Every structure is written in structure tokens, then in C-alpha cells.
Amino acid sequence: MNKIDPWGTELIEDYARLIKDFGLEPMEDFLSDFPKPNYLMRRGIVFAGQDLKQIADAIKEKKPFYCLTGMMPSSERIHFGTKTVIEMVKYFQEQKAKTFVLIADLESAATRGISLKEARERALNFYIPAYIALGLDPKKTIFYFQSENDQVKNLAYLFSQKITMNEFKAIYGEIHPSRILSALAQAGDILFPQLEEKMPGVIPVGIDQSPHIRLTRDIVRRTKSEFNFFLPSATYHKFVPALDGSNKMSKSNPNSFISIPENPIDSGKKMSKALTGGRNTIEEQKKLGGIPEKCMVFEMYKQHLIEDDKKLQKIFDDCKKGKLLCKEDKENAVNLMILFQQDFQKKLDKAKKTRKQWKFFK
Ligand code: TRP
């Protein structure tokens, strides 16, 4: 049985198994239900979800629904997984979801010792503009700080009565009080929009967050008579693998993760050192072709750098045929990464200037 720890660093290898073990819905079964699935959905990077039908139906029938996600403001940069989350929020926002993005300042205080003041500054100076730079519409997104949302906090207290210590242990393993508080606050986050308007909601997150979704769904079942909440839907994306191909984030070296933002030249250098699916010699590769399935450069294209399916396919085919060799391909990858970082920095600077438009819920 798989175990997922939202505070851990394990990467998962077998996603099909995970879908089975946790009773998730494979995204590929729902591609025809969603209008214009984005590249992450089409490519199975967002590989699974829960209760996807109710969201697809709301979109089709033009009924109200919401999309909500949140992040801890725990460093000065974000990683590529966050970009994936934001792109999913953007997708639902374009499908007319009422959009909430929260700053998990209570969680980062409880689990990482970051003061509320520090969290606030980071959110205003970096996180919120970064989300806008990655595609959120500042005029259509409602931001909030957990610490300033009384409804979220009140729900967390109420929910604490609905769950036993053994259930916490069954979902999370051994759990510290700070994490119990954080998990209950997160359930409050996920459900509070329904206090004002009864509607389904979708929570785009990394698969590491699935225990929180499970907890929240249990709480919904147990508070049926009081609240009658819709069960939250979710989309789950795969972990971003390390550039050296290793599967354990904690053990891999810092050079095998690129952050956003990062000095463009440095990020390009990291790309140039990534593990590829190349053969031992050029002759061999020309004859047998490369192995893009094992190539971290290709993985970065697929997950982040190339949205155009045809372009991606051509690289895949040319690599397989031994026509495109690693050296040339890496030059392309380095350029794409440099361009991405430069473009992000430009958009970030621009987004910072939209501050007057940001809407906060209190
Ligand atoms: N636990 C999330 C993280 O580690 C942050 C978070 C808090 C969140 N509340 C949420 C995510 C609600 C999705 C929905 O980053």
C-alpha cells in the first residue's frame, strides 16, 4: 500500500498503482468532459482527480463552481510544481470558476516557524505577483491569508470535533499537533466558499496533498446534517522529477532542481547537466535512437517548457530515430529555460505593479 506524507519528500514511481490504491479517477477518462483540456491534462501530468464529473458538468451547464488552492509562503522562490498548480487554477478560472488563492500563513507558522509578519511580506512581495506572472487574472482572483479568515478558523475548530486521533493516524501516520491544526485549517480553506454559496469546488494540488483532501471529504460526510457541503473535487499532478533522474528529493543535489525565478544562466547550466536518454556513443545513438522516456530534458519539455503538442512530438520522434542528438537538443533546452526565466522575471516585475487591483477576502 502506498503511503503519502504531505510533509515528506518521497517521490512516487507508480502512478497507476496510486490511482488504484486511493480510488482516484484517471484524468484520461475525463478528457472529453472538459472543454479544451490544457497540455497538463492532455499529457497526464495532471494524472488524476476526484469527483471530476461535477466540475465538468458545472462548466457545461454554466452553473457556479469554485476553484481554490493555497501555498505556504516558506521561501523566496517557488518550484515548478507550483507553476503546474497555478496553470490548473488558470484553466478553471477561464472556465468561469470563482477563484480563491490563499496564503497558508497559519500552516507555515505552525509547521515551519515562519512569523505571520514575514509570511505576509513574502506573499505581497513575491508569491502573489508570481502567481499573476504565471497566469492568474489579478482582477478575478480572491486572495486571502488564513490568519485573517475567521470563517476558515471557525470551521477548523468545529471540524476538530468530527475527527478522532485514530483517524488522523490512519491518514497521516504519526502526527504532531501543529500538523493536526494545519490539516483542519486546510479543510476550512477548502470548504469555506460554500458557506456563502452552495456550489461544488475543485482543488488543484500536487498528489502529496491528497491526504488533506481525504480528510476534508470525511469531514463533509460527517457534517452533512449541519452544513450539507458538496464533496470537494480535486486534480492531482505528478511530482516534478529531479534533473539527475533521482527519485528522492531530499537525497538529490540542489543542482538538480531549478527554481522560479533563478538566474537564467545558472538555470541553463543545470539543464545542460541533466540526465538524458542518450546512448554510450554517438554512432550507437544514430543507429538505435535515443530514449526520450528516460530523459529529464524531455520531461522538462513535456511538463513545463513546450506547450505545443506537435513540437513536442517532433522532438520525441527525431530523438527516437537518432536524428536529434543530445548535444543539439540540450542547446535547445538551455535556451528555452533561459527564455522562460527571463520572461518570468519580466512578468513578475509587471505583476508587482498591479497591486492596487488585488482583492483580499477577510
Ligand atoms: N498544505 C498546502 C501546502 O503545503 C497549503 C494549503 C493550505 C492548501 N490550505 C490549502 C492547498 C487549501 C490547497 C487547498 O502548500
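Residues numbered from 1 in each chain as written. Predicted model: local features only at pLDDT ≥ 70, side-chain atom pairs only at ≥ 80, totals over all residues. Heavy atoms only, no water.

Thoughts on the overall build of the chain
Link 1 in the chain: The secondary structure content of the chain amounts to 16 helices and ten strands.
Link 2 in the chain: By principal-axis analysis of the C-alpha atoms, the chain measures approximately 70 × 45 × 45 Å.
Link 3 in the chain: The long-range fraction of contacts in the chain, counting pairs at least 24 apart against all pairs at least 6 apart in sequence, stands at 78%.
Link 4 in the chain: In the chain, which carries 59 positive and 47 negative side-chain charges, the distance between the mean positions of the two groups comes to 3 Å. (Helix = DSSP H or I, 4+ residues; strand = E, 2+ residues; numbered from the N terminus. Contact = heavy atoms within 4.5 Å. Lys, Arg positive; Asp, Glu negative; His and termini not counted. Charge placed at Lys NZ, Arg CZ, Asp CG, Glu CD.)

Points about the packing of helix α12 (residues 264–272) against helix α16 (residues 326–352)
Link 1 in the chain: It is the contact of α12 with α16, at a shortest axis distance of 8 Å, that shows an interaxial angle of 150 degrees. In terms of orientation, α12 and α16 fall into the roughly antiparallel class. Between α12 and α16 the crossing geometry is right-handed. Facing α12, whose interface residues are P264, I265, S267, G268, M271 and S272, α16 presents K330, A333, V334, M337, I338, Q341 and Q342.
Link 2 in the chain: Taken together, the residues of the contact of α12 with α16 sort by class into seven nonpolar, five polar and one charged. (Axes fitted to C-alpha atoms, helices over the stretch in contact; angles between N-to-C directions. Parallel < 35°, antiparallel > 145°, perpendicular 65-115°, else oblique. Left-handed = near helix turned anticlockwise from the far one by under 90°. Nonpolar A, V, L, I, M, F, W, Y, C, P; charged D, E, K, R; others polar.)

Describing empty space enclosed by the protein
Link 1 in the chain: Applying the stated criterion to the full structure yields one cavity of 30 Å³ or more.
Link 2 in the chain: Reported here for the largest cavity is a volume of approximately 110 Å³.
Link 3 in the chain: Looking at the largest cavity, it is lined by 16 residues, and the ones nearest its centre are P292, C295, C319, C326 and D329.
Link 4 in the chain: Elements represented by at least two residues in the lining of the largest cavity include exactly α14 (296–305), α15 (309–320) and α16. (1 Å grid on protein atoms, 1.4 Å probe; cavity = no way out; pocket = protein on both sides within 12 Å on 5 of 7 lines; lining within 4 Å. Points joined across faces, edges and corners; volume = space filled by probe spheres on them.)

Side note on unusual backbone geometry
Link 1 in the chain: Residue P261 follows I260 across a cis peptide bond; omega there is -5 degrees.
Link 2 in the chain: Non-glycine residue K96 carries a positive phi angle of around 80 degrees.
Link 3 in the chain: In this structure K96 comes out as exposed when scored by relative accessible area, which is 71%. (Buried < 20%, exposed > 50% of the residue type's maximum accessible area, 1.4 Å probe, protein only.)

Examining the pattern of salt bridges
Link 1 in the chain: Here the structure, examined in full by the defined rule, presents 23 salt bridges.
Link 2 in the chain: A salt bridge links K314 to D318, with the shortest nitrogen-to-oxygen separation between them at 2.8 Å. You can see K314 and its partner D318 sitting in helix α15, four residues apart, about one turn around the helix.
Link 3 in the chain: Exposure remark for K314: the relative accessible area of 49% places this residue in the partly exposed category. (Salt bridge = Lys/Arg side-chain N within 4 Å of Asp/Glu carboxyl O.)

Here's the deal with the pairing of strand β6 (residues 141–145)
Link 1 in the chain: Along β6, five of the five residues are buried, which leaves the element largely enclosed by surrounding structure.
Link 2 in the chain: Across the two faces of β6 the burial is the same, with T141, F143 and F145 and I142 and Y144 all buried.
Link 3 in the chain: In terms of strand pairing, strand β5 (residues 98–103) meets β6 through five bridges, oriented parallel. Bridge pairing in β6 links L102 to Y144.
Link 4 in the chain: With two bridges joining them, β6 and strand β10 (residues 359–360) adopt parallel strand pairing. Across the sheet, F143 pairs through a bridge with F360, a residue of β10. (Pairing = 2+ DSSP bridges.)

Remarks on the layout of surface pockets
Link 1 in the chain: Estimated volume of the second largest pocket: approximately 640 Å³.
Link 2 in the chain: Taken together, 24 residues line the second largest pocket, and the ones lying closest to its centre are Y39, E87, K90, L134 and E307.
Link 3 in the chain: Of all elements in the fold, only α4 (80–94), α14 and α16 reach the threshold of two or more residues within the lining of the second largest pocket.
Link 4 in the chain: It is α16 that provides the largest number of residues to the lining of the second largest pocket, a total of six residues.
Link 5 in the chain: Its residues assigned to classes, the lining of the second largest pocket comprises eleven nonpolar, four polar and nine charged.
Link 6 in the chain: Domain assignment of the residues forming the lining of the second largest pocket places at least three in each of domain 1 (15–239) and domain 2 (254–348). (Domains from an automatic or database assignment.)

With respect to the side chain of R43
Link 1 in the chain: Here R43 lies in the loop between α2 (39–42) and β2 (46–50).
Link 2 in the chain: Separated by 2.9 Å, the side chain of R43 and the backbone oxygen of K302 make a polar contact.
Link 3 in the chain: Among all residues touching R43, those that are not within four sequence positions of it are Y301, K302, I306, E307, D308, D309 and L312. (Polar contact = N/O pair within 3.5 Å; in protein donor to acceptor, adjacent residues only side chain to side chain.)

Points about the nonpolar core
Link 1 in the chain: Core analysis: the biggest nonpolar cluster contains 67 residues, and F34, F92, M271 and Y301 have the highest contact counts within it.
Link 2 in the chain: Among the elements that line this core, the one with the most residues is helix α6 (residues 116–133), at nine residues.
Link 3 in the chain: Setting aside residues no more than four positions away along its own chain, M271 makes contact with L243, I258, V297, M300, L305, K330, A333, V334 and M337.
Link 4 in the chain: With 45 residues, the next largest nonpolar core counts L18, I171, I190 and Y236 among its residues. (Core = buried A, V, L, I, M, F, W, Y, C linked by side-chain atoms within 4.5 Å.)

Remarks on the domain arrangement of the chain
Link 1 in the chain: For the chain, the assigned domains read domain 1 (15–239) and domain 2 (254–348).
Link 2 in the chain: Each of domain 1 and domain 2 was reduced to a C-alpha centroid, and the two centroids are 31 Å apart.
Link 3 in the chain: Buried surface at the junction of domain 1 and domain 2, summed over both partners, amounts to about 1,700 Å²; 61% is from carbon and sulfur atoms.
Link 4 in the chain: For domain 1, the biggest contributors to the area lost against domain 2 are R43, F80 and A133; these three give 40% of the whole.
Link 5 in the chain: The interface formed by domain 1 and domain 2 contains two salt bridges.
Link 6 in the chain: The tally of links between domain 1 and domain 2 comes to nine residue pairs in polar contact (both at pLDDT 80 or more). (Buried area = accessible area lost by both parts, 1.4 Å probe.)

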